[in-house]
2 protein chains.
Amino acid sequence: MMNQADELQFDEKGLLPAIIQDAFSQQVLMLGWMSRESYELTRSTGLVHFWSRSRQRLWKKGETSGNFMQVVEIIADCDRDALLVRVLRKGPACHTGMITCFHNPVDKEDGK
Amino acid sequence: MMNQADELQFDEKGLLPAIIQDAFSQQVLMLGWMSRESYELTRSTGLVHFWSRSRQRLWKKGETSGNFMQVVEIIADCDRDALLVRVLRKGPACHTGMITCFHNPVDKEDGK
């Protein structure tokens, strides 16, 4: 078990990619970025917090929509430079209203 | 459907995070980084290619271990700055021999 943010490898901007997966459906919902502060808030509150790169501020997921994400578990990868956060969600993950942010399929190279 | 790498938002280093998910078990296996070249090779060959940030070179996943990853589908997110790549895998994803690179659980803030 890991305890400390010190064990994580934040990048040169102080951020880590965090993959958000629905712990119930196993669907991958989104990829967000966590600063040390958002990581620590996520752990202490049990609700997902990110660093918004576009707005350059701390962002509690669901603060506008009410669609908070409750943490079930957080797992760091072998290099400790990425996180998998398994959550229970109250509503859609995407600002478009879709369940997941991953909704733009790329077609096959050969057009099939 | 998306066709072109031009529709993707590569970062200032020319990279995109790519979440690799087992299309059979739904397990999240790893997070890798794709350059435009590795993205195009992934599409044209049907096998996952990354850009290795540590080695600063193109990296065909499985080139050493033989554990290639066969692409089932690629889905871009709403901002087109992250990819979800659903794959069939031949062996473990992690260089440690574990199925997934995500194997370091973070314990709860309260120690429970």
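Residues numbered from 1 in each chain as written. Chains lettered and ligands numbered in written order. Predicted model: local features only at pLDDT ≥ 70, side-chain atom pairs only at ≥ 80, totals over all residues. Heavy atoms only, no water.

A.B. asks: So what's going on with the relation of the copies chain A and chain B? Residues and values would help.
C.D. replies: In screw terms, the move from chain A to chain B is a rotation of 180° and a rise of 0.0 Å along the axis, fitting with an RMSD of 0.0 Å. As the rotation angle and translation indicate, the two copies are arranged about a two-fold axis. Closest to the rotation axis within chain A is the C-alpha of A:Gln26, separated from it by 3.0 Å. Looking at chain A, 100% of its interface residues are interface residues in chain B too, so the copies touch through the same face. (Least-squares fit on C-alpha atoms with pLDDT ≥ 70 in both. Contact = heavy atoms within 4.5 Å.)

A.B. asks: If you had to explain the confidence of the model for chain A to someone new, which residues and values would you point to?
C.D. replies: On average, residues of chain A carry a pLDDT of 92, and 93% of them reach 70 or more. As a predicted assembly, this complex carries a pTM of 0.94 together with an ipTM value of 0.93. (pLDDT = per-residue confidence, 0-100.)

A.B. asks: Residue-level account of the sheet that holds strand S7 (residues 102–106) of chain A, with values.
C.D. replies: Paired through their backbone hydrogen bonds, the strands of a sheet run either parallel or antiparallel. One open sheet holds the 5 strands; their spatial order is S7(A)-S5(B)-S6(B)-S1(B)-S2(B), and the pairing between them is mixed. At either end of the open sheet lies a strand with only one pairing partner, and these are S7 of chain A together with strand S2 (28–35) of chain B. Sheet twist, expressed as the mean angle between neighbouring strand axes with direction ignored, is 35°. Inspection of the sheet shows strand S1 (residues 15–22) of chain B paired to strand S6 (residues 83–89) of chain B by 5 bridges, in the parallel sense. When the bridges of S6(B) are listed, B:Ile19 appears paired with B:Leu84. (Pairing = 2+ DSSP bridges. Helix = DSSP H or I, 4+ residues; strand = E, 2+ residues; numbered from the N terminus. Axes fitted to C-alpha atoms, helices over the stretch in contact; angles between N-to-C directions.)

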